[in-house]
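Topology and contacts: notes
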Amino acid sequence: MKFNSVFDVIGPVMIGPSSSHTAGASRIGSIARSVFGERPAQVDIHLYGSFAKTYKGHGTDVALIGGLLGFEPDDPRIKNAAELASEAGMHIQFIEETEEAPHPNTVKLVLKNGMKQMTLVGASIGGGKVEIIRLNEFELEFTGTAPALLVLHEDKFGLIASTTKIIANHEINIGAMKVSRKVKGDDALMVIEVDQLVEQDLLDEIAKLDGVFQVASIII
């Protein structure tokens, strides 16, 4: 097995007994909050496999809520995340699923705020690392190991080129990119991993493009 750093061996700095069940869960919650773009009023949390069986004892529940609140994995407030979410007006519901998932530490988060709703599915794969498997109807592979842009847009000619041109104009290098669509001419999703942190003005430029519905920057 190849390790990228000593932290891949000893695990991340965190609150909780398990990097898979706490640090990873916290990061999935944080990614969901970042993509949603605001504090959700309600979150339905569907737990699968090992998550469903041990989430209370391993602190997966408070770690997920802490991530949704924007806490880092080592934030001591994670222990009181459920109470803090309630005070902030967030309604959290946990659902223990019995069906099998591709990875035993899998969670589906359904975030809601009025008419706005988003579904994100992620898995904690060990050592605090995560994979984002699905965003709404789109299947994707996103590990959060590099800064990334998520662009939800209309599937139309020239929009991908216009987006990458803006990124190039800001002298940002693209490390990886994947585009998914449901059907031709319908909604599509760009996942663009980049080598540098992205400033808000770049996001604003992309958001102004005709056919772009939503832009989010993900930093883990």
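It should be noted that the structure appears before, not after, this text.
The following refers to the structure shown. This one's a predicted model, so the numbers in the text were calculated from it and none came from an experiment.

1. Describing the overall build of the protein chain
A count of helices and strands for the protein chain gives seven helices and ten strands. For the protein chain, restricting intrachain contacts to residue pairs at least 6 apart in sequence, the fraction spanning at least 24 positions comes to 68%. Surface summary for the protein chain: the accessible area is close to 11,200 Å², and the carbon and sulfur share equals 49%.

2. Digging into unusual backbone geometry
We note that Asn136 has phi near 55 degrees; this positive angle belongs to a residue other than glycine. With respect to the helices and strands, Asn136 occurs in the loop between strand E5 (129-135) and strand E6 (138-142). For Asn136, a relative accessible area of 23% translates into the label partly exposed.

3. What about a nonpolar patch on the surface?
A surface patch of nonpolar side chains, amounting to about 210 Å² of accessible area, comprises Ile160, Met177 and Val179. Tracing the chain through its elements places Val179 in strand E8 (residues 174-181). Here Val179 falls in the partly exposed class, since its relative accessible area comes to 39%.

Quick notes on the rules
- Residues numbered from 1 in each chain as written.
- Predicted model: local features only at pLDDT ≥ 70, side-chain atom pairs only at ≥ 80, totals over all residues.
- Heavy atoms only, no water.
- Helix = DSSP H or I, 4+ residues; strand = E, 2+ residues; numbered from the N terminus.
- Contact = heavy atoms within 4.5 Å.
- Areas by Shrake-Rupley, 256 points an atom, 1.4 Å probe, with all protein chains shown as cover.
- Buried < 20%, exposed > 50% of the residue type's maximum accessible area, 1.4 Å probe, protein only.
- Patch = residues over 30% accessible without salt bridge, like charges linked within 9 Å, V, L, I, M, F, W, Y side chains within 5 Å.
- Salt bridge = Lys/Arg side-chain N within 4 Å of Asp/Glu carboxyl O.

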